[in-house]
Amino acid sequence: MTFGQRLEKLRSKYNHTREELSEYLGVSTKVIYNIEKDISEPNLELIKRICEKYKVSADYMIFGK
């Protein structure tokens, strides 16, 4: 499973829309879409904020551990 797939799974689990997540992270919905579809990768700051929001480790998001 990729970072994008894990993000999409977490977002769905918490019933968050791309719009809600993008607003929380301060990025556009297109950025979220591109990450979830593995078109682009998030920078370290986004990874940190995603992990804080969903209370998961960076290891889980990046490596699936």
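Thresholds applied
- Residues numbered from 1 in each chain as written.
- Predicted model: local features only at pLDDT ≥ 70, side-chain atom pairs only at ≥ 80, totals over all residues.
- Heavy atoms only, no water.
- Buried < 20%, exposed > 50% of the residue type's maximum accessible area, 1.4 Å probe, protein only.
- Helix = DSSP H or I, 4+ residues; strand = E, 2+ residues; numbered from the N terminus.
- Arc of directions from axis to C-beta.
- Contact = heavy atoms within 4.5 Å.
- Axes fitted to C-alpha atoms, helices over the stretch in contact; angles between N-to-C directions.
- Parallel < 35°, antiparallel > 145°, perpendicular 65-115°, else oblique.
- Nonpolar A, V, L, I, M, F, W, Y, C, P; charged D, E, K, R; others polar.
- Core = buried A, V, L, I, M, F, W, Y, C linked by side-chain atoms within 4.5 Å.

Draft legend 1. Structural view of helix H1 (residues 3-13). The set of residues buried in H1 consists of Phe-3, Gly-4, Arg-6, Leu-7, Leu-10 and Arg-11. For H1, the arc enclosing every buried residue in end-on projection is 160 degrees, short of the 170-degree limit, so these residues lie on one face. Pointing more than 90 degrees away from the buried face of H1 are the exposed residues Lys-9 and Lys-13. Against the buried residues of H1 lie helix H2 (18-25), helix H3 (29-36), helix H4 (44-54) and helix H5 (58-63). Positive backbone phi, approximately 55 degrees, marks Asn-15, located one or two places after H1.

Draft legend 2. Region of the structure containing the packing of H2 against H3. Following both chains from N to C, one finds H2 and H3 inclined at 110 degrees, their axes separated by 8 Å at the closest point. Between H2 and H3, the angle is such that the two are roughly perpendicular. Packed against H2, whose contacting residues are Arg-18, Glu-19, Leu-21, Ser-22 and Leu-25, the element H3 presents Thr-29, Ile-32, Tyr-33 and Glu-36 at the interface. Of the residues belonging to the contact of H2 with H3, the class tally is four nonpolar, two polar and three charged.

Draft legend 3. Main features of the nonpolar core. With 13 residues, the main nonpolar core has Phe-3, Leu-7, Leu-21, Leu-25, Ile-50, Tyr-54 and Met-61 as its most contacted residues. Of all elements in the fold, only H1, H2, H3 and H4 reach the threshold of two or more residues within this core. In terms of residues, this core owes the most to one element, H4, which gives five residues. With sequence-adjacent residues up to four places away left out, Phe-3 is seen in contact with Ile-35, Pro-42, Ile-47, Ile-50, Met-61 and Ile-62.

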